[in-house]
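# Residue-level structural notes
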Amino acid sequence: MERLLIVSNRLPVSVDVRGREYSLKPSVGGLATGLRSFYRDYDSRWIGWPGIPEEVSGKLDGLKKSLENEACVPVELPGSLLEGYYYGFSNRTLWPLFHYFQQFAEFEWDLWEAYVEANRRFADAVLETVRPKDGIWVHDYHLMLLPGMLKEALPDSSIGFFLHIPFPSFELFRLLPWRDEIMDGILGADLVGFHSYDYARHFLSSVLRLRGYERTLNHLDVMGRKVCVDVFPIGIDFEKFNSAPADPEVVREMETLGLRTGGNKLILSVDRLDYTKGILQRLQAFEFFLETNPEYRERVHLVLLVVPSRTGVPQYRELKMELDRMVGSINSRYGDVSGGPIAYIYRALPFNQLAALYAKADVALVTPIRDGMNLVAKEYVACQTENHGMLILSEMAGAVMELSEAIIVNPNNSPQVASAMVKALEMDPGERKRRMEIMQNRIARYSVVRWARDFVDGMEDVRLRQKEAAGLDLGSADRGRLLEEFAKAGSRLLLVNCDSAPGLYGAAAQEGKPDQGITGTLKRLDGLPGTMLVIMSGRSREELEGLFGEDRFNMVADGGFWLKEPGSRWRIIAPFNSTWKDEVRSLLEYYEDRTPGSYIEEKDFSLLWHYDRTEPDLAGVRVGSLMLSLYAHTANMDLDVLEGNRVIEVRNSDVSKGRAAFHWLEKSRWDFILAVGVESCDESIFNALPDRSWTLRVGPGPTEAGFRVGSYPEMIALMYEMADTKGGTPLHRRVEQDTDQEQNTDQEQNTDQEQNTDQEQNTDQEQNRNRIRTRNRIRTRNKKLTRNRIRKSNRIRTGNRIRTS
């Protein structure tokens, strides 16, 4: 990538306005602080809100130029929009819900509309700034719609998204009325990052349940596009904090702290004012500690540093009032004329004072109720160069996976937290040093710069994988060649599976009303002179007739068992028996009864166990067990057990759509052959066709097709364009199968001799010879395919017998 565009709610600098004058100062926050040095080194541009409403920023001359000098691009947001987008939807809907405070979440449509509009403004700013080879890195919950908006406008761009807060379990995420829009927005990114595996797991679970996209390890197939989901635990500027205790200003602050504490033990709590941080629960635990350990009442001080935040949100104002009350209560109960056990500071401190507290504290009490990462814990560890204190850390913080040597507690368990304070204060100094050095070595290796570089490298890696996968994509040049060959061909065979076409499933299909755009396009193609269209379906005969009529199209039903031509009856491809059904059905019914949401579908020569409505985790358990049971039961039967898209099918062996396709392949010497497949059972069609055929796989998945089309709407657009062709030589749509190849060849040769020159005769005879050779290759391939299927079936049965024995 040429440049990196970092997009977040806030810029790394804030605008401090005094009258008509302004100044720029560094923004407070982990992201802005951590990436400040990185984005300057990477030729980056940072796009975000400057911290003041549009009504104010518009009056400041030269502000935009000043921000440009800082490599920043401002996104202007009016005050009314900020109220709904930032203070509203972001912090009164998403923040509480994603942190498991469902009772605080507000689901208001006007807040949602403000959120959408703000994301559009960010998208406009990006589109005005981006260059063709730039990478775009979007940050956090304020902008979860942005990746989707950008991917729609810039489909070839490289987009990353990182969520800095927890991603909730599906049971909570599903409460959002706009869950689908937010999910699609996030999946516009090529790389989606989280702090911990738990958050990534919750996200993937929601993707599966809401969208059903196929997943291979941590890669998703999103409409034919690879999306990677990975874990990147954010670090800190370790060197800055680790070297701070040696700074003269920090040393002076530490000396002052020592005089004030009088040699007493110091417990430190540092947090932004927020109900997710567990500050009230922490005070309860500290009060319990003082109550149950009277010997520490005059020997321990708690420094409670709380940074003001979101004072405009009602829950935060109420939290501040309760916090003040609790501090006053504890200090009045356990204090004396010299003061109380809690030193309460409600403001942000400069770095030298904060570093001194980190370095001097004997215990850091970091016990959030829910936290995406929590960098305070890492900052404290980095500053412990001489004192070697101890960290008490909540098991609900994302940092717990990296700082496992800390004393881990449940923040809601006051006795446990109180006991952890005693353990930390009384721990052997050598043990404290050992644990602290292990944690320091770990976070020193994975600094914030390493985190950022890993993510950007991940974006590059995903982009390369997408380019490799795009080698099968039907590009504009191939598309043009396909259309040109189609238009010039005198005879055309189209083998189309449209089971995944929009409108053929769901309510429209259930009402017997398939999308008229789809059926209309199919009819137009089938009506072209010289063109024969065959619908290759896995559905039953009754479903196909209900959708398309009895006599309109050539059709294949039940995945290759049944064939039908217009004006004729359905006929079976080969004789089969179904005496095995009763035995297999009883086994499927046993699993159906134990698996809510599953159901059995019976076709003429197969049984299907569907689990698309089953809870995915339960389905994963049942599928493995059922497959083993079916292999054992069918070991000595002439049956295939096939696993499809959320379905297991048991069917008679040696039947496929590829075998059915030969019925139409041998009807004529086709100048143009096209096969369109959407699922694994369509691969047999691709393998059965001559090499010169056009084979297209719609959507993701491994394939033998020559090309891939991203989605069925794209395929419909291509077929619509094909239907507009004016070329082709007239040929009856439904050619009767030749019973005497020699007679037909002689008749065509005689006609050619009457109408063409000697040179044209020779050319036509050569074409006839090529067609005969092609037909022979098809027949040879059919025999080979059949032999391979028999061998494979025999190997499976042999393996089944071995496993059974």
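Thresholds applied
- Residues numbered from 1 in each chain as written.
- Predicted model: local features only at pLDDT ≥ 70, side-chain atom pairs only at ≥ 80, totals over all residues.
- Heavy atoms only, no water.
- Helix = DSSP H or I, 4+ residues; strand = E, 2+ residues; numbered from the N terminus.
- Buried < 20%, exposed > 50% of the residue type's maximum accessible area, 1.4 Å probe, protein only.
- Contact = heavy atoms within 4.5 Å.
- Areas by Shrake-Rupley, 256 points an atom, 1.4 Å probe, with all protein chains shown as cover.
- Pairing = 2+ DSSP bridges.
- Axes fitted to C-alpha atoms, helices over the stretch in contact; angles between N-to-C directions.
- Expected span 1.5 Å × (residues − 1).
- Arc of directions from axis to C-beta.
- pLDDT = per-residue confidence, 0-100.
- Phe/Tyr/Trp six-rings, centres within 6.5 Å; stacked < 30°, edge-to-face > 60°.
- Lys NZ or Arg CZ within 6 Å of the ring centre and 35° of its normal.
- Left-handed = near helix turned anticlockwise from the far one by under 90°.
- Nonpolar A, V, L, I, M, F, W, Y, C, P; charged D, E, K, R; others polar.
- Parallel < 35°, antiparallel > 145°, perpendicular 65-115°, else oblique.
- Salt bridge = Lys/Arg side-chain N within 4 Å of Asp/Glu carboxyl O.
- Polar contact = N/O pair within 3.5 Å; in protein donor to acceptor, adjacent residues only side chain to side chain.

## Considerations on the overall build of the chain
- In terms of regular secondary structure, the chain is built from 29 helices and 29 strands.
- Per-residue burial over the chain gives 54% buried out of 805 residues.
- Sequence-distant contacts in the chain: of pairs separated by 6 or more residues, those separated by 24 or more amount to 70%.
- Accessible surface, the chain as shown: approximately 35,900 Å² in total, 48% of it carbon and sulfur.

## Let's talk about the sheet that holds strand E9 (residues 215–216)
- Across the sheet, 9 strands lie side by side as E5-E4-E1-E6-E7-E8-E11-E10-E9; this open sheet has mixed pairing. Where the open sheet ends on each side, the last strands, each with one partner, are strand E5 (72–74) and E9.
- Pairing of strand E4 (residues 44–49) with E5 involves 3 bridges; the strand directions are parallel. Bridged to Gly48 within E5 is Pro74.
- Running at roughly 150° to strand E11 (residues 225–231), helix H9 (residues 197–210) makes contact with strand E8 (191–194), E9, strand E10 (219–222) and E11 of the sheet.

## Topic: helix H13 (residues 314–334)
- Helix length check: H13, at 21 residues, gives a terminal C-alpha distance of 31 Å against a target of 30 Å (1.5 Å per residue), a fit within 8%.
- Every buried residue of H13 is accounted for by Gln315, Tyr316, Leu319, Lys320, Leu323, Met326, Val327, Ile330, Asn331 and Tyr334. All buried residues of H13 fall inside an arc of 135° around its axis, so they share one side. Set apart from the buried face of H13 by more than 90 degrees, the exposed residues are Glu318, Met321 and Ser332.
- In this structure, the buried residues of H13 make contact with helix H4 (79–98), strand E12 (265–272), helix H12 (279–292), strand E13 (300–307) and strand E14 (342–346).

## Thoughts on the sheet that holds strand E26 (residues 647–652)
- Pairing within the open sheet is antiparallel, and its 4 strands lie in the order E23-E24-E26-E25. Both edges of this open sheet fall to strand E23 (599–603) and strand E25 (639–644), since each of them pairs with a single strand only. The sheet shows a mean angle of 15° between the axes of neighbouring strands, direction not considered.
- As paired strands, E23 and strand E24 (residues 606–610) are joined by 5 bridges and run antiparallel to one another. Counterpart to Tyr599 in the pairing with E24 is His610.

## Focus on the confidence of the model for the chain
- For the chain, per-residue confidence averages 85 on the pLDDT scale, and residues scoring 70 or more make up 87% of the total.
- Within the model, the stretch residues 505–514 combines pLDDT values under 50 with 13 contacts to residues more than four positions away or in other chains.
- Contacts for the low-pLDDT stretch residues 727–805, under 50 throughout, to residues beyond four places or in other chains number 87 contacts.

## Comments concerning the side chain of Ser711
- Topologically, Ser711 is positioned in the loop between strand E29 (707–709) and helix H27 (712–723).
- Not counting the four nearest positions on each side in its chain, Ser711 is found in contact with Met223 and Val698.

## Topic: helix H5 (residues 109–129)
- If you check H5, its first and last C-alpha atoms are 31 Å apart, about what 21 residues at 1.5 Å a residue would give, namely 30 Å.
- Among all positions of H5, only Leu111, Trp112, Ala114, Tyr115, Val116, Ala118, Asn119, Phe122, Ala123, Ala125, Val126 and Thr129 are buried.

## A closer look at unusual backbone geometry
- Despite not being glycine, Asn374 has its phi angle at roughly 85°, a positive value.
- Within the element layout of this structure, Asn374 appears in the loop between strand E15 (363–366) and helix H15 (375–383).
- Within the chain, Asp558 stands out as a residue other than glycine whose phi angle is a positive 55°.
- On the accessibility criterion, Asp558 (4% relative accessible area) is buried.

## Here's the deal with the environment of Asp43
- Its place among the elements puts Asp43 in the loop between helix H1 (30–41) and E4.
- Taking the C-alpha atoms as reference points, Asp43 and Leu4, separated by 39 residues in sequence, lie 6.8 Å from one another.

## Some thoughts on the packing of aromatic side chains
- Under the defined criterion, the tally for this structure stands at 37 aromatic pairs.
- An angle of 90° between the planes, with centres 5.8 Å apart, marks the rings of Phe548 and Phe553 as edge-to-face. In this pair, the class of Phe548 matches that of Phe553, namely buried.
- One aromatic cluster in this structure is built from Tyr85, Phe89, Trp109, Trp112, Tyr115, Phe122 and Trp178.
- Here the guanidinium or amino end of Lys320 rests over the ring plane of Tyr346, the centre of that ring lying 4.3 Å away.
- The lysine or arginine in question, Arg541, covers the ring of Trp562, its NZ or CZ lying 3.8 Å from the ring centre.

## Details of the packing of helix H8 (residues 179–186) against H9
- Running from amino to carboxyl end, H8 crosses H9 at an angle of 115°, the nearest separation of the two axes being 11 Å. Crossing of H8 against H9: the hand is left-handed. On H9, the residues that touch Arg179, Asp180, Met183 and Ile186 of H8 are Phe203, Ser206, Val207 and Leu210.
- Its residues assigned to classes, the contact of H8 with H9 shows 5 nonpolar, 1 polar and 2 charged.

## A word on the packing of H5 against helix H6 (residues 146–153)
- It is the contact of H5 with H6, at a shortest axis distance of 9 Å, that shows an interaxial angle of 45°. Put simply, H5 runs oblique to H6. Crossing of H5 over H6 shows right-handed handedness. The residues of H6 that touch H5, namely those facing Val116, Asn119, Arg120, Phe122, Ala123, Val126 and Leu127, are Leu146, Met149, Leu150 and Ala153.

## Digging into the pattern of salt bridges
- Taken as a whole and judged by the stated rule, the model has 44 salt bridges.
- Here Arg225 makes a salt bridge to Asp190, at a shortest N to O gap of 3.2 Å. Placement of the pair is Arg225 in strand E11 and Asp190 in the loop between H8 and E8, with a sequence separation of 35 residues. Of the two residues, Arg225 and Asp190, both sit in the buried class.

## Quick notes on the environment of Thr703
- Along the chain, Thr703 falls in the loop between strand E28 (694–698) and E29.
- On the basis of relative accessible area, Thr703 is assigned to the buried category, the value being 18%.
- With 21 residues separating them in the primary sequence, Thr703 and Asp682 have C-alpha atoms 9.1 Å apart.
- Setting aside residues no more than four positions away along its own chain, Thr703 makes contact with Leu472, Glu683, Phe686, Arg697 and Arg708.
- A polar contact is formed between the side chain of Thr703 and the side chain of Glu683, at a distance of 2.9 Å.

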